[in-house]
Amino acid sequence: MIIADKLTRRFESVVALQEMTLTIESGEMFALIGPDGAGKTTFFRIVNGLLKPTSGTLSTEGHRTVGFVPQRFSLYPDLSIDENLALRARLYDLDANKARARAAELLNRVGLGRFGARLAGNLSGGMKQKLALCSALLTTPDLLLLDEPTTGVDPLSRREFWMMLHQLHHDGLTVVVSTPYMDEAEYATRLGFLHEGRLLDVGTRAEILNRYPRALVEVRSPERFAVRARLAQVADIDDVSLFGTVLHVRGRQRDSANASLVDIVRRALDGLVPAHAVSAIRPSLEDVFVLHGDEEAA
Amino acid sequence: MTPAVVDPLVQVREVTRKFGAFVAADRVSFDVPRGQIFGFLGPNGSGKSTTIRMLAGLLAPTSGTVTGFGGLDVAKDTERWKQRTGYMSQKFSLYVDLTVAENLRFFGSIYGLSRSALKDRVGELASRLKFEPLLSSMTRTLSTGQRQRVALAAALLHEPELLFLDEPTGGVDPRGRRMFWDLIYDLAAVRKMTVLVTTHYMDEAEQCDRLAFILNGKLIAEGEPGDLKQGLRGRIFEVSPSGDPFTLLPAAQQSGALEDAYLFGIRLRLVATHDGTADAARLADSFGPSQTTEPTLEDVFVSLARRQAAATDKVQS
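Residues numbered from 1 in each chain as written. Chains lettered and ligands numbered in written order. Predicted model: local features only at pLDDT ≥ 70, side-chain atom pairs only at ≥ 80, totals over all residues.

Quick word on the overall build of chain B
Counting secondary structure elements, chain B contains eleven helices and 14 strands. A principal-axis box enclosing the C-alpha atoms of chain B has dimensions of 70 × 45 × 35 Å. Burial analysis of chain B (317 residues in total) assigns 48% to the buried set. Relative to all contacts within chain B whose residues are 6 or more apart in sequence, the contacts with residues 24 or more apart total 69%. (Helix = DSSP H or I, 4+ residues; strand = E, 2+ residues; numbered from the N terminus. Buried ≥ 20, exposed ≤ 12 C-beta atoms within 10 Å, placed from the backbone. Contact = placed C-beta atoms within 7 Å.)

This is the structure we're talking about:
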């Protein structure tokens, strides 16, 4: 269990983390979400013992060892995979034979079994992340922290990486992960939205989506510019964002009894977009992310 | 493969680049259409950056030709080629100990822009790319999203016709990515610039007019996003199981009717084999409420990557 109580960390005038109060239960897979500079990395560094809080407390009750996969690849590029893991085993004073067996098992599990002699610096992005995961798991931690482990990783490697995290979580490991991919965040048992050091919202995916305070409409049209230009004139709308090939139109409030956003958008786009290409939708986590960012920026 | 682009801006023919024994790009041929957003997709280390750097005139091909702009050859007319192209690298390449304005003035002077032209241009780009308040900030204090917008401005200073963006949104948060893509879209649609971009985000790839998939240095598929999905249409089933979707995966992965099964968020997606759609539908129903769904570019990507990996294994064993 991780218990943060009014956890605060300042770097000179910058408040990286501001009175964060949060409990993460053992066995959870918790996702930490937020833009650049939100405080995610600071939180991980405090939990991992690399950084002391300025004020407030953090305890990791019941967790003996912590595994950490940092955002930047931090293994030695001029050592081989095997050498990197052997070095780590020695730093942690693990029994050499047991560590070798554990390393072999982990490497096999992530599909790196036949690359043991390859220099870490010569691995692709996806392989580096798998090695970083093996390195973090070498000490058999019961808490695993991952700071944006799949940033810059291609879709297939990303999927494989997440299958491993699932398995680990399934086997009982407590996992805390930050990610800019909202589909990854969906997997989490609970999510926390961080922004400029403050925890804005915590809950399960369903709780967070149910709290979404606005009406949302999807427009499917190739005429993106014309649609945007028209909707920019509508006072009830405060954002039009592209989601893949469709536009998400956000109302200033939830639908009221006398006006639904669908009708407003259909009317505004009359003659440009057929009515059936405009429909009410439920928010996704990405909509929540965009809204939090806009509210904080305002 | 016969490129199907009418009046392309750039033609890439049989381009190969070797680093020692390693073939980073292997007889790559394609056309870059004028005024469009052209997406380059592929796993890490597949040769995307190498190919882009050859197209930008930063790296000489071992063999093959890159021609365009009405008769220029990148190997012979390298300096003129560079005047007409802009390049934004995957790695942040501005000086962190200069201010934003100083960086842009420095890069502009390299391109030979006059002092007064540069001043106007920096002001215009700062306003268009929304970093005006940051002009006198030290570059090191910028967030990743802000840095990317400044780096984009640096690549646009000399008003190139063709812009190369190598993973411009890596590490940028969803809101920042959206803002960046609005800018790319504006460059192509409003300013008629041609953009060649690499990305690992499939929602971004969806916004490209045309895509090329690169695997192990080879271009293995190319076309409009809709056409690339054609082969998978009708074969993707999405299930919303009530329980933990992860526990259903082993059963799905053993089914001979499926080519692939994976989690997408909290849903399970099943990809049927060509003849397996009926069995796949039954299996999907047994897991929970299910429906067929439009393939995503991620499905296309994974399908191509798996096929290639299987082919490679066959050759090696």
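Considerations on the domain arrangement of chain A
Entries for chain A in the domain assignment read domain 1 (2-209) and domain 2 (213-282). Domain 1 of chain A and domain 2 of chain A are separated by 39 Å when their C-alpha centres are compared. (Domains from an automatic or database assignment.)

Section: the packing of helix α3 (residues 100-110) of chain B against helix α4 (residues 115-128) of chain B
Residues and elements named next belong to chain B. Contact pair α3 / α4: the axes reach a minimum separation of 10 Å and the direction vectors enclose 130°. Of the possible angle classes, the one that applies to α3 and α4 is oblique. As for the relative orientation of α3 and α4, their crossing is right-handed in sense. Contacts from A101, L104, R105 and G108 in α3 reach L118, R121 and V122 in α4. (Axes fitted to C-alpha atoms, helices over the stretch in contact; angles between N-to-C directions. Parallel < 35°, antiparallel > 145°, perpendicular 65-115°, else oblique. Left-handed = near helix turned anticlockwise from the far one by under 90°.)

Focus on the sheet that holds strand β2 (residues 14-24) of chain A
Residues and elements named next belong to chain A. Read across the sheet, three strands follow the order β2-β1-β4 without closing on themselves; strand pairing throughout is antiparallel. In the strand order of this sheet, the two ends are held by β2 and β4 (55-60), each with one partner. When the angles between neighbouring strand axes are averaged without regard to direction, this sheet yields 20°. Note that strand β1 (residues 2-11) and β2 share seven bridges and pair antiparallel. Bridging from a neighbouring strand, I3 pairs with T23 of β2. (Pairing = 2+ DSSP bridges.)

So, the interface of chain A and chain B
Facing the 32 residues of chain A at the interface are 31 residues of chain B. Those elements that place two or more of their residues in the side of chain A that touches chain B are α4 (125-137), α5 (155-170), α6 (182-185), β11 (237-243) and α10 (285-297) of chain A. If one sorts the elements of the side of chain A that touches chain B by residue count, α5(A) sits on top with six residues. Split by residue class, the side of chain A that touches chain B holds twelve nonpolar, 13 polar and seven charged. (Nonpolar A, V, L, I, M, F, W, Y, C, P; charged D, E, K, R; others polar.)

Describing the nonpolar core
Nonpolar side chains tend toward joint burial in soluble globular proteins. Formed by 82 residues in total, the largest nonpolar core has its most connected members in A:C134, A:L145 and B:L270. Looking at this core element by element, the count peaks at seven residues for α4(A). Residues within four places of B:L270 in sequence aside, it is in contact with B:F237, B:V239, B:A252, B:L258, B:A261, B:A280, B:L283 and B:A284. Counting residues in each nonpolar core, the second largest holds 74 residues, with B:V100, B:L196, B:C208 and B:F213 among its members. (Core = buried A, V, L, I, M, F, W, Y, C linked by C-beta atoms within 7 Å.)

Details of helix α1 (residues 40-47) of chain A
Counting buried residues along α1(A), seven of its eight residues qualify, which places the element largely inside the surrounding structure. Remark: A:G49 follows α1(A) within two positions and exhibits a positive phi of approximately 80°.

Looking at the environment of A:N84
Residues and elements named next belong to chain A. Note on placement: N84 falls in helix α2 (residues 81-91). As a C-alpha pair, N84 and L131 span 47 residues in sequence and 9.2 Å in three-dimensional space. Each residue touching N84, except ones within four places of it in the same chain, is listed here: L75, Y76, L79, A120, L131 and S135.

Digging into the domain arrangement of chain B
Residue and element names in this part refer to chain B. Here chain B is described as being made up of domain 1 (10-229) and domain 2 (230-316). Taking only C-alpha atoms, the centre of domain 1 and the centre of domain 2 are 34 Å apart. Residue-level contacts link 14 residues of domain 1 with twelve residues of domain 2. In terms of residues, the side of domain 1 that touches domain 2 owes the most to one element, helix α8 (residues 225-229), which gives four residues. Looking at the side of domain 1 that touches domain 2 residue by residue, the class counts come to ten nonpolar, one polar and three charged.

Let's talk about the sheet that holds strand β4 (residues 63-68) of chain B
Residues and elements named next belong to chain B. Strand order in the open sheet formed by four strands is β2-β1-β4-β5, and the pairing between neighbours is antiparallel. Only two strands of the sheet have a single partner each, and these edge strands are β2 (22-32) and β5 (72-73). Direction of pairing for strand β1 (residues 10-19) relative to β4: antiparallel, over a ladder of five bridges. What sits directly across from V12, in β4, is V66.

Let's talk about unusual backbone geometry
Phi at A:E19 takes a positive value of approximately 45°, unusual for a residue other than glycine. Looking at the secondary structure, you find A:E19 in strand β2. Of note in this structure, B:K130 is not a glycine but carries a positive phi near 60°. Take B:K130: it is sitting in the loop between α4 and α5 (144-156). When the 14 C-beta atoms within 10 Å are taken as the criterion, B:K130 is described as partly exposed.

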